[in-house]
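These are the residues of each chain, in order.
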Amino acid sequence: MKTALIKAVGAYLPDHVLDNQQLSKMVDTNSEWIIERTGIHERRILKDKNLASSDMAVKAVQEIFDSGVCCAEDIDLLICATTTPDRVFPATANIISEKLGIKNAFSFDVSAACSGFLYALDCASNYIKTGQKKNVIVVGVDQMSSIIDYSDRATSIIFGDGAGAVLLQPATDKEAHLGIIDSCLYSDGIGEQYLHQKAGGSLHQTDKKTVDARQHFVYQNGAPVFKWAVSKMAEVVEEIMQRNKLSSKDIDWLVAHQANKRIIDATAKRAGLSDDKVMLNIDRYGNTTAATIPLCLYDYKDKLNKEDQLILCAFGGGFTWGSIYLRWAI
Ligand code: UT7
């Protein structure tokens, strides 16, 4: 079995910056509180009403194609992790493939909120390991601004828009020790009560009442989500390190979902990792849901060395959570 290697990374962030000062004019909050409680200074917003998640994803994947490592015709699978699909159906992955001229692939969406990129990466890795697919794109994208109520200070301060994508290819014999080595993924539906969108699905169908009651936005009860996130992210990082006989000295980078700097710090501390090993961009982008992890990989790509050992981890709506252990191959 060949391991799956990340061979290229692409990203896209909309130009419009929404900073804490601007937010504090829109909702009862202030920059000091946001920075102290979350680590966020600003986030990006896709303003153009004619654009959607698929357009950001297309830009991220196009960057991979432009690097010359592969082209649209080579791709045999595209998986899109998103909580803000262009439409309920068809899958945003289908729309992305169409816009990019990807014709020799099947494509589908993964719905696992903030853990979506990890679920999708694990799935893609297994298609490569079994030899079924050879050029797989995994994209994490969210236009969170499309489901955020900017009069709700519990959610509007956190989220932002963005997209990140990776290309996976099978390892050659010489690269057999690199790539995606192990994963621990979990979910628990108990999380539904704490983090959800009230209406717009088959349970509470869209009508005038649901729109008037502002039920088409993210609802979050932050405190229990925070508690679960701190404990599960630390547990799942510990589990993957133990399973692979890794000590904190062996880890080069922790790539944690960027939901709250305090959650990232707590996870790193429990794993015995110093700040210089922790990827961080929450200050500039906020929580972009499925895009945070590939955006970190993109931002730190010049600091990554071949063979570096990375632990990816996430926690989010569902609840969903998990970790992936990989060795960098670029
Ligand atoms: O990515 C998907 C998973 N999501 C997460 O991992 C998010 C997890 N949760 C969190 O990150 C945090 O719970 C939040 C950032 C959402 C909230 O931070 P918190 O420290 O848990 O705040 P809190 O809701 O417990 O509120 C603490 C205080 C309250 O005031 P009192 O009652 O102590 O007087 C709130 O009213 O802070 C107040 N507060 C605010 N003040 C200014 C709550 N939100 C704000 C705000 N601006 N935006």
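Coordinates for the structure precede this section.
Residues numbered from 1 in each chain as written. Predicted model: local features only at pLDDT ≥ 70, side-chain atom pairs only at ≥ 80, totals over all residues. Heavy atoms only, no water.

Visitor: Mind showing me how you'd approach the side chain of T155 here?
Guide: By the secondary structure assignment, T155 is in the loop between β6 (136-143) and β7 (161-170). Of note is the side chain of T155, whose polar atom sits 3.0 Å from the side chain of D152. Once you skip the residues sitting within four places of it in the chain, T155 turns out to touch I148, D149, V218 and Q220. (Helix = DSSP H or I, 4+ residues; strand = E, 2+ residues; numbered from the N terminus. Polar contact = N/O pair within 3.5 Å; in protein donor to acceptor, adjacent residues only side chain to side chain. Contact = heavy atoms within 4.5 Å.)

Visitor: It is not clear to me how the environment of A4 should be interpreted in this structure. Could you clarify?
Guide: By the secondary structure assignment, A4 is in strand β1 (residues 4-12). In this structure, the C-alpha to C-alpha distance between A4 and T172, residues 168 residues apart in sequence, is 9.8 Å. Residues contacting A4, with those up to four places away along its chain left out, are S125, I128, L168, Q169, G179 and I180.

Visitor: Would you mind going over the sheet that holds strand β4 (residues 77-81) with me for this structure?
Guide: Picture the strands of a sheet paired through backbone hydrogen bonds; they go either parallel or antiparallel. Here we have five strands laid out as an open sheet, ordered β1-β7-β6-β4-β5, and mixed in their pairing. Edge strands, defined here as strands with exactly one partner in the open sheet, are β1 and β5 (106-110). Direction aside, neighbouring strands of the sheet carry axes that sit 20 degrees apart on average. As paired strands, β1 and β7 are joined by eight bridges and run antiparallel to one another. Its bridge partner being in β7, A8 is matched across the sheet by L167. The sheet strands contacting helix α3 (residues 53-66) are β1, β6 and β7, and the helix crosses β6 at an angle near 145 degrees. (Pairing = 2+ DSSP bridges. Axes fitted to C-alpha atoms, helices over the stretch in contact; angles between N-to-C directions.)

Visitor: Help me understand the site of the ligand, please; the structure alone is not making it clear to me.
Guide: Close to the ligand lie 20 residues; T29, R37, R153, N260 and N287 are nearest. Residue N260 places a side-chain N or O atom 2.7 Å away from an oxygen atom belonging to the ligand. One of the side-chain N or O atoms of R262 is found 3.0 Å from an oxygen atom in the ligand. Taking 940 Å² as the accessible area of the ligand by itself, protein coverage stands at 70%. Examining the composition of the shell around the ligand, we find that four residues originate from one element, helix α7 (residues 222-243), more than from any other. Among the residues making up the shell around the ligand, the classes are represented as nine nonpolar, seven polar and four charged. (Near = heavy atom within 4 Å. Areas by Shrake-Rupley, 256 points an atom, 1.4 Å probe, with all protein chains shown as cover. Nonpolar A, V, L, I, M, F, W, Y, C, P; charged D, E, K, R; others polar.)

Visitor: Even after reading the chapter, I still don't get the packing of α7 against helix α8 (residues 261-270), so can you show me in this structure?
Guide: The packing of two helices is summarised by the inter-axis angle and the distance between the axes. At a closest axis distance of 9 Å, the pairing of α7 and α8 adopts a crossing angle of 30 degrees. At the point where α7 passes α8, the crossing takes the right-handed sense. Residues F226, A229, V230, M233, A234, E235, V237 and E238 of α7 lie in contact with α8, whose contacting residues are R262, I263, A266, T267 and R270. Split into classes, the residues belonging to the contact of α7 with α8 amount to eight nonpolar, one polar and four charged. (Left-handed = near helix turned anticlockwise from the far one by under 90°.)

Visitor: Got a minute to help me understand helix α2 (residues 31-38) in this structure?
Guide: Those residues of α2 not exposed but buried are S31, I34 and T38. Projected down its long axis, α2 shows its buried positions confined to an angular sector of 75 degrees, all on one face. In α2, the exposed positions that point more than 90 degrees away from the buried face belong to E32 and E36. Among the structural elements, α1 (20-26), β3 (42-45), α8 and α9 (282-285) are those in contact with the buried residues of α2. Where α2 ends, the next residue or the one after it, G39, has phi of about 85 degrees, a positive value. (Buried < 20%, exposed > 50% of the residue type's maximum accessible area, 1.4 Å probe, protein only. Arc of directions from axis to C-beta.)

In short, geometric facts, not functional conclusions.
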